[in-house]
Amino acid sequence: MIQLAKSLTSFVGSRCGTESQAASIEAVHLSKSFGSGEAERLILDQANVRIERGEFVAIVGPSGSGKSTLLNLLGCLDVATSGHLSINGESVGELNAKDMARLRNRSLGFVFQSAHLMAKASALDNAALPLVYAGISRRDRRSRAAEVLERLGLSDRLFHLPSQLSGGQQQRVAIARALVNRPSIVFADEPTGALDSRASQNVLAILKNVAAGGVTVVMVTHDPAMAGAADRVIQVNDGRVSIPSDDLLCA
């Protein structure tokens with residue numbers, strides 16, 4: 001397992017205190033359907049979710065259960081058919097497209113199963129990408145990206161292209177990209193799905209370190225070990241959300 005060059009808690013926690021003290025995420029009767037009429041298909045049914053600041057929450061469920069749909073709605077990557085969603089006390093339904101994009105850039109970070117790095121850009125420039133959209137100067141965004149990459153043990157890989165990095169290193173660059181703007185919430189959709197066990201443990205250690213800094217972490221996973229390391233588990237089955245008992249988690 002990698003040893004973090006420096007704890008991430010001081011980096012990610014430096015802006016968390018400025019966020020609202022309301023729940024990080026509160027969803028009430030959140031539903032999502034596709035199609036219309038006889039072809040309408042309900043993917044998520046009346047989900048009620050409350051996630052507090054600094055919680056590390058795992059969302060689990062079988063394939064096609066609606067767990068990724070739930071993550072996309074909570075992360076403002078998709079729009080619910082009905083229901084209410086608040087992020088840090090702010091009602092998402094009242095935001096226009098520009099304000100929604102600003103919310104995602106300023107307050108939310110995303111990590112996916114695939115790193116989705118720009119092939120012709122260095123690790124440094126990949127990690128700094130969200131700061132471009134935030135209007136940060138090139139010098140400052142490179143400085144901040146270098147800091148977070150160093151904390152993730154990649155100080156000797158700053159100018160490597162993705163093709164020169166291992167899968168685990170690429171995913172750490174993707175995590176750096178998610179953290180560089182110091183978000184209050186990080187969403188991770190199967191972040192270890194394409195990694196071996198050692199790299200998966202590295203990612204888990206990083207996410208736990210991030211949560212320890214006061215950042216809310218919401219992770220979709222199929223891996224029982226990953227889910228078991230979270231503070232709390234949300235189960236999704238056939239589009240319905242429930243909180244499983246310890247017995248269910250151990251099954």
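Now for a quick tour of the structure. All values reported here derive from a predicted model rather than from experimental measurement.

Turning to the packing of aromatic side chains, a few remarks are in order. Using the criterion set out here, one finds two aromatic pairs in the structure. Both rings, one in Phe110 and one in Phe112, keep their centres 6.3 Å apart while their planes meet at 5 degrees; by these two values the pair is stacked. Members of the aromatic cluster, joined through ring pairs, are Phe110, Phe112 and Phe187.

With phi around 55 degrees, Gln46 is a residue other than glycine that occupies positive phi space. Checked against the element boundaries, Gln46 lands in strand S2 (residues 41-51). A positive phi angle, near 50 degrees, is found at Glu190, a position not held by glycine. In this structure, Glu190 sits in the loop between strand S7 (185-189) and helix H7 (197-212).

Read across the open sheet, the six strands follow the order S6-S7-S8-S3-S9-S10; overall the sheet is mixed. Pairing within the sheet leaves two strands with one partner each, and these edge strands are strand S6 (108-111) and strand S10 (240-242). In this sheet, adjacent strand axes meet at a mean angle of 20 degrees when their direction is disregarded. Direction of pairing for S6 relative to S7: parallel, over a ladder of four bridges. Bridging from a neighbouring strand, Val111 pairs with Ala188 of S7. Sitting on the sheet, helix H6 (residues 167-179) is in contact with S6 and S7, with an inclination near 170 degrees to S6.

Basis of the calculations
- Residues numbered from 1 in each chain as written.
- Predicted model: local features only at pLDDT ≥ 70, side-chain atom pairs only at ≥ 80, totals over all residues.
- Heavy atoms only, no water.
- Phe/Tyr/Trp six-rings, centres within 6.5 Å; stacked < 30°, edge-to-face > 60°.
- Helix = DSSP H or I, 4+ residues; strand = E, 2+ residues; numbered from the N terminus.
- Pairing = 2+ DSSP bridges.
- Axes fitted to C-alpha atoms, helices over the stretch in contact; angles between N-to-C directions.
- Contact = heavy atoms within 4.5 Å.

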